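Fold and geometry: a report
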Amino acid sequence: MDAHLHLRKGQILKEVAPYSAGVFGAGVIMPNTDPAILDAKSMLSYEKVVERATRGSGFKPLMTIEIREGTTPSMVRIAHEWGAIAGKIYLPDVTHNSEGGVANIMSLFAIFEEMQKLDMVLCLHSEVSGKSVYGLERKTLFLPTLVKITDWFPNLRVVLEHITTKDAVDTVAGLSNRVAATITLHHLYLTNNDVADGKIQPHNFCMPIPKHFRDREALQRASISGNPKFFFGSDSAPHTTATKECALGCAGVYSAPVAIPGVATQFENLVVSDDIRRGVEDFAGNFARKFYNLPEETRRITLRRVPWTVPQIFNSRFIPFLAGKELPWQVVA
Ligand code: DOR
Ligand code: ZN
């Protein structure tokens, strides 16, 4: 299961969805589409188009709505009744299509109360916004807000999305079992040197920005720790080459086609060989299913230790993460 996935809409959805549906049994579908998914009605029509784009694969889209300052408890309740698994919060301007994000998270008291009552998961982009806030500290500065929310709503299930720092790992590990975190493939591989150092690498540019070596190491350790609070969410975020390779390029790493071989390669570097398959199954599936109260995965894929070179480009316009690199693992069926 991919616990954090951007599939977009329209033609891009049709092009990228098969790569996720081919290897994952389910995905938590992010609502920052254009326009965003803000209520049950738009969620249901989005679910239909995602189902159409993944038909025949057995992939289950797990739908979400975006929570904004205009969201009401009844909108949340109706979305939940219609199958929303989670509500997602962005702060303003922290990433792609987040202009309408929530400026004052603590104004959402009634929403959190309703979500806690419904046992609906709260997904937090979890970066403080504002031009005066130093970019690489945005994640860390959000942590006190997380702690406050979990103090006030101890039964609310919260996912801190795409964590990038050691202090986020430590904070999540120290909170109750109702608080978990997703870790992306790219944050297991990258530091901010891989984004801009001598030359700029637009296809590694994403939000939150990858951080220090010590942060990357903390994420790698969390991913292999066997602690079910830490699970895989690719944050696979397709943008075309035209919108990546330009001034004001979009944030996002397109990792869906390399997700599982990429995780297996990381595990190979970090754990003894007997534990690789089991580790990948837990980190990239079982732990998220447990947290989201979903049934166990029944679909199986075959991961072989046969070298595979990641294609340079997909559909002539999406450059994947690790493009052109040889990985020791591949998905063969
Ligand atoms: O880099 C990112 N791109 N981070 C996000 O959180 C959103 C994503 C996107 O939708 O492109
Ligand atoms: Zn995302």
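The structure contained in this document is the topic of the report that follows. (Residues numbered from 1 in each chain as written. Chains lettered and ligands numbered in written order. Predicted model: local features only at pLDDT ≥ 70, side-chain atom pairs only at ≥ 80, totals over all residues. Heavy atoms only, no water.)

Focus: the packing of aromatic side chains
The final tally for this structure, using the stated rule, is 12 aromatic pairs. Ring centres of tyrosine 19 and phenylalanine 314 lie 4.9 Å apart, and the angle between their planes is 75 degrees; on these two criteria the pair is classed as edge-to-face. Separated by 295 residues along the polypeptide, tyrosine 19 in helix α1 (residues 10-21) and phenylalanine 314 in the loop between β13 (308-309) and β14 (326-327) bring together distant segments of the chain. Grouped by ring-pair contacts, the aromatic residues Tyr19, Tyr254, Phe314 and Phe318 constitute a single cluster. The lysine or arginine in question, lysine 9, covers the ring of tyrosine 46, its NZ or CZ lying 5.8 Å from the ring centre. (Phe/Tyr/Trp six-rings, centres within 6.5 Å; stacked < 30°, edge-to-face > 60°. Helix = DSSP H or I, 4+ residues; strand = E, 2+ residues; numbered from the N terminus. Lys NZ or Arg CZ within 6 Å of the ring centre and 35° of its normal.)

Considering the coordination of the zinc ion (ligand 2)
Within the first shell, the zinc ion (ligand 2) binds the protein through His4 (NE2), His6 (NE2) and Asp235 (OD), at distances of 2.0 to 2.1 Å. Sequence spacing among the residues donating to the zinc ion (ligand 2) works out to H-x1-H-x228-D. Of this pair, histidine 6 sits in the loop between β1 (2-5) and α1 while aspartate 235 is found in the loop between β11 (230-232) and α9 (241-244), placing the two residues 229 residues apart along the sequence. Accessibility classification places histidine 6 together with aspartate 235 in one group, the buried group. (Donors = N, O, S within 2.8 Å, 3.2 Å for Na, K, Ca; no water. Buried < 20%, exposed > 50% of the residue type's maximum accessible area, 1.4 Å probe, protein only.)

Things to note about the site of ligand 1
Every one of the 14 residues lining ligand 1 counts as a neighbour, but Arg8, Asn32, Met207, His239 and Ala251 are closest to it. Take histidine 239: an N or O atom from its side chain is 2.8 Å from an oxygen atom of ligand 1. In this structure, alanine 251 approaches ligand 1 through a main-chain N or O atom, which is 3.0 Å from a nitrogen atom. Burial of ligand 1 by the surrounding chains reaches 100%, relative to a free accessible area of 290 Å². (Near = heavy atom within 4 Å. Polar contact = N/O pair within 3.5 Å; in protein donor to acceptor, adjacent residues only side chain to side chain. Areas by Shrake-Rupley, 256 points an atom, 1.4 Å probe, with all protein chains shown as cover.)

Concerning the sheet that holds strand β6 (residues 121-124)
In spatial order, the strands read β4-β5-β6-β7-β8-β11; together these 6 strands make up an open sheet with parallel pairing. Every other strand in the sheet has two partners, leaving β4 (64-66) and β11 as the edge strands with one partner each. On average, adjacent strands in this sheet sit at an angle of 30 degrees to one another, irrespective of strand direction. In this structure, β4 lies alongside strand β5 (residues 86-89), joined through 3 bridges in parallel fashion. Paired with glutamate 66 across the two strands is lysine 88, which belongs to β5. (Pairing = 2+ DSSP bridges. Axes fitted to C-alpha atoms, helices over the stretch in contact; angles between N-to-C directions.)

What about the nonpolar core?
One broad rule of soluble globular proteins: the nonpolar side chains tend to lie buried together. By size, the foremost hydrophobic cluster in this structure holds 102 residues, and its most contacted members are Ile89 and Tyr292. The dominant element in this core, judged by the number of residues it contributes, is helix α11 (residues 276-291), at 7 residues. The residues contacting tyrosine 292, other than those within four sequence positions of it, are Met1, Val28, Ile85, Ala86, Val121, Cys123, Arg157, Val159, Glu161 and Phe231. (Core = buried A, V, L, I, M, F, W, Y, C linked by side-chain atoms within 4.5 Å. Contact = heavy atoms within 4.5 Å.)

Some points on the pairing of strand β8 (residues 179-183)
Of all 5 residues in β8, 5 are buried, a share of seventy percent or more. Neither face of β8 is left uncovered, since the one carrying Val179, Ala181 and Ile183 and the one carrying Ala180 and Thr182 both have all their residues buried. The pairing of strand β7 (residues 158-160) with β8 spans 3 bridges and is classified as parallel. If you follow valine 159 over to β8, its bridge partner there is alanine 180. Viewed along the sheet, the connection from β7 through helix α6 (residues 166-174) into β8 turns out right-handed. With 3 bridges joining them, β8 and β11 adopt parallel strand pairing. (Right-handed = clockwise from strand over helix to strand, strands pointing away.)

As for the packing of helix α5 (residues 138-152) against α6
Taken N-terminus to C-terminus, the directions of α5 and α6 make an angle of 10 degrees; their axes are 9 Å apart at the nearest point. In terms of their interaxial angle, α5 and α6 are classed as roughly parallel. Seen from above, α5 lies across α6 with right-handed handedness. Facing α5, whose interface residues are Thr140, Leu143, Leu146 and Val147, α6 presents Asp167, Ala168 and Thr171. Looking at side-chain class alone, the contact of α5 with α6 contains 4 nonpolar, 2 polar and 1 charged residues. (Parallel < 35°, antiparallel > 145°, perpendicular 65-115°, else oblique. Left-handed = near helix turned anticlockwise from the far one by under 90°. Nonpolar A, V, L, I, M, F, W, Y, C, P; charged D, E, K, R; others polar.)

Observations concerning helix α8 (residues 213-224)
Its 12 residues give α8 an end-to-end C-alpha distance of 17 Å, which sits within 8% of 16 Å, the value for a rise of 1.5 Å per residue. Its buried side turned inward, α8 meets α6, β8, α7 (185-189), β11, α10 (259-270) and α11. Where α8 ends, the next residue or the one after it, glycine 226, has phi of about 80 degrees, a positive value. (Expected span 1.5 Å × (residues − 1).)

Concerning the packing of α1 against helix α2 (residues 40-53)
Axis separation between α1 and α2 bottoms out at 9 Å; the angle between their running directions is 60 degrees. Comparing the axis directions of α1 and α2 gives the class oblique. Seen from above, α1 lies across α2 with right-handed handedness. Packed against α1, whose contacting residues are Leu13, Lys14, Ala17 and Pro18, the element α2 presents Val49, Val50 and Ala53 at the interface.

Considerations on the pattern of salt bridges
Tallied over the full model, the rule gives 12 salt bridges. One salt bridge connects arginine 157 with aspartate 119, and the closest N-O pair in it is separated by 2.9 Å. Here the residue arginine 157 occupies a position in the loop between α5 and β7, and aspartate 119 occupies one in the loop between α4 (109-118) and β6, the gap between them amounting to 38 residues. Residue classification places aspartate 119 among the partly exposed residues on the basis of a relative accessible area of 29%. With a shortest N-O distance of 3.4 Å, arginine 278 and glutamate 281 are connected by a salt bridge. Taken together, the residues span about one helical turn, with arginine 278 and glutamate 281 both in helix α11 at a distance of 3 residues. (Salt bridge = Lys/Arg side-chain N within 4 Å of Asp/Glu carboxyl O.)

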